[in-house]
Each structure stands twice: as C-alpha cells, then as structure tokens.
Amino acid sequence: MYQKICAKYTPDKDNLIYILHEIQDTHPRHYISEEAVQAVSDYLGIPPNHIFGVLTFYTMYSTKPRGKNIIRLCESPPCYIKGSENILRKLKVLLGVETGETTKDGLFTLELSACLGVCGNAPVMMINDDVYGDLSEESVEEIIARIQRGNQ
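The model shown is predicted, which means the values in this text are computed figures rather than measured ones.

1. Some thoughts on the packing of aromatic side chains
- According to the stated counting rule, one finds two aromatic pairs in the structure shown.
- With centroids separated by 4.9 Å and ring planes inclined at 90°, the aromatic side chains of phenylalanine 57 and tyrosine 58 adopt a geometry described as edge-to-face.
- Given a relative accessible area of 34%, tyrosine 58 falls into the partly exposed group.
- Ring centres of tyrosine 58 and tyrosine 61 lie 6.3 Å apart, and the angle between their planes is 80°; this geometry places the pair in the edge-to-face category.
- Connected via pairs of aromatic rings, a cluster forms that spans Phe57, Tyr58 and Tyr61.

2. Considering helix H4 (residues 48-57)
- Looking at H4, one finds that the buried residues are Ile51, Val54 and Leu55. Along H4, the residues classed as buried sweep out an arc of 100° about the axis, all on the same side. Exposed and facing more than 90 degrees away from the buried side of H4 are Asn49, Thr56 and Phe57.
- Packed against the buried residues of H4 are helix H2 (16-26) and helix H3 (34-44).

3. With respect to the sheet that holds strand E2 (residues 108-113)
- Pairing is mixed in the open sheet, where four strands are placed in the order E2-E1-E3-E4. Two strands lie at the open edges of the sheet, namely E2 and strand E4 (130-132), each paired on one side alone. Neighbour-to-neighbour, the strand axes of this sheet turn through a mean angle of 20°, independent of strand direction.
- In terms of strand pairing, strand E3 (residues 125-127) meets E4 through three bridges, oriented antiparallel. Within E4, the position partnered with methionine 125 by the bridge is tyrosine 132.
- Along the sheet, helix H6 (residues 84-95) contacts strand E1 (69-74), E2 and E3; its crossing angle with E1, the most-contacted strand, is approximately 155°.
- With respect to the sheet, helix H7 (residues 137-150) is in contact with E1, E2, E3 and E4, its orientation differing from that of E3 by roughly 5°.

Reading the values: rules and limits
- Residues numbered from 1 in each chain as written.
- Predicted model: local features only at pLDDT ≥ 70, side-chain atom pairs only at ≥ 80, totals over all residues.
- Heavy atoms only, no water.
- Phe/Tyr/Trp six-rings, centres within 6.5 Å; stacked < 30°, edge-to-face > 60°.
- Buried < 20%, exposed > 50% of the residue type's maximum accessible area, 1.4 Å probe, protein only.
- Helix = DSSP H or I, 4+ residues; strand = E, 2+ residues; numbered from the N terminus.
- Arc of directions from axis to C-beta.
- Contact = heavy atoms within 4.5 Å.
- Pairing = 2+ DSSP bridges.
- Axes fitted to C-alpha atoms, helices over the stretch in contact; angles between N-to-C directions.

Have a look at this one:
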C-alpha cells in the first residue's frame, strides 16, 4: 500500500508532505505507522528520524491510531473567548475521553487545534473535513449524536 502511494510522486524530498498526507488519509485509523515511515524513507532516501521530525512538528499528523472521526476543537484566542473551554468540557463528557484519546468504540478521537481559520464563527471544531461553527453545548451534543446514529 505504501509503495503504491509513494509511486504516485517522484522520489523527491519536496514530496514528503504530500506522501505523508496521502498515507494518513487513506489509512483506516488515520495515522502513519513505523512501517509507513520506513517505506517513505526507503523511497525518498531520507532518514526515518527526519520523517519523524516532520510528523511530530505538524499537529495534523499522528503516529498513533485514531478513531474513525477526528474531532479538532480550535483553541485559538477568538474561540477561547467565545467559550471553547465549555465545548471541550462537553465533548469530554459526551465521549468519555480526554484530549488526545480515542473512544473505546473507535468512533471518535478528540484533539485540539491551532486556528482553523473561521474565527467569525467561533467557537469552531472540525470533524474530519467538516467544519462546525457557532458551537454551543447543545449543538455539539446534536452533532455527536447524529454521527453516532449514522454509524449504527
């Protein structure tokens, strides 16, 4: 699988980010394994520790398996001022996890994020590629319930 993804790109170091994104996006657990790092290292001819440096620098990457739905709650100042702390507390209660953890059923992983770029709708969170703004504790409960119903 990793070799097929790598082969879509020329073996140039400038393609590292693109390759890592595609590997993570296509993995059912949304992460980049050590096996994947080694495959990319072999393909691009760069040391695995360089790749791990990139993976740990950018918060969008994970080296741990994650849930089917990745919740990224914005923790930028506008979101904080508009109540993201209350939203985070509600998400922790609803999901029964702390930040950085995955629910026991593997459905959700809760993460914090730097600015998501939609400050006009603060507080904001993303679930996978969908953005949810003007959040309240009630709307978060509805969003999570809707996703849970969709996965039954």
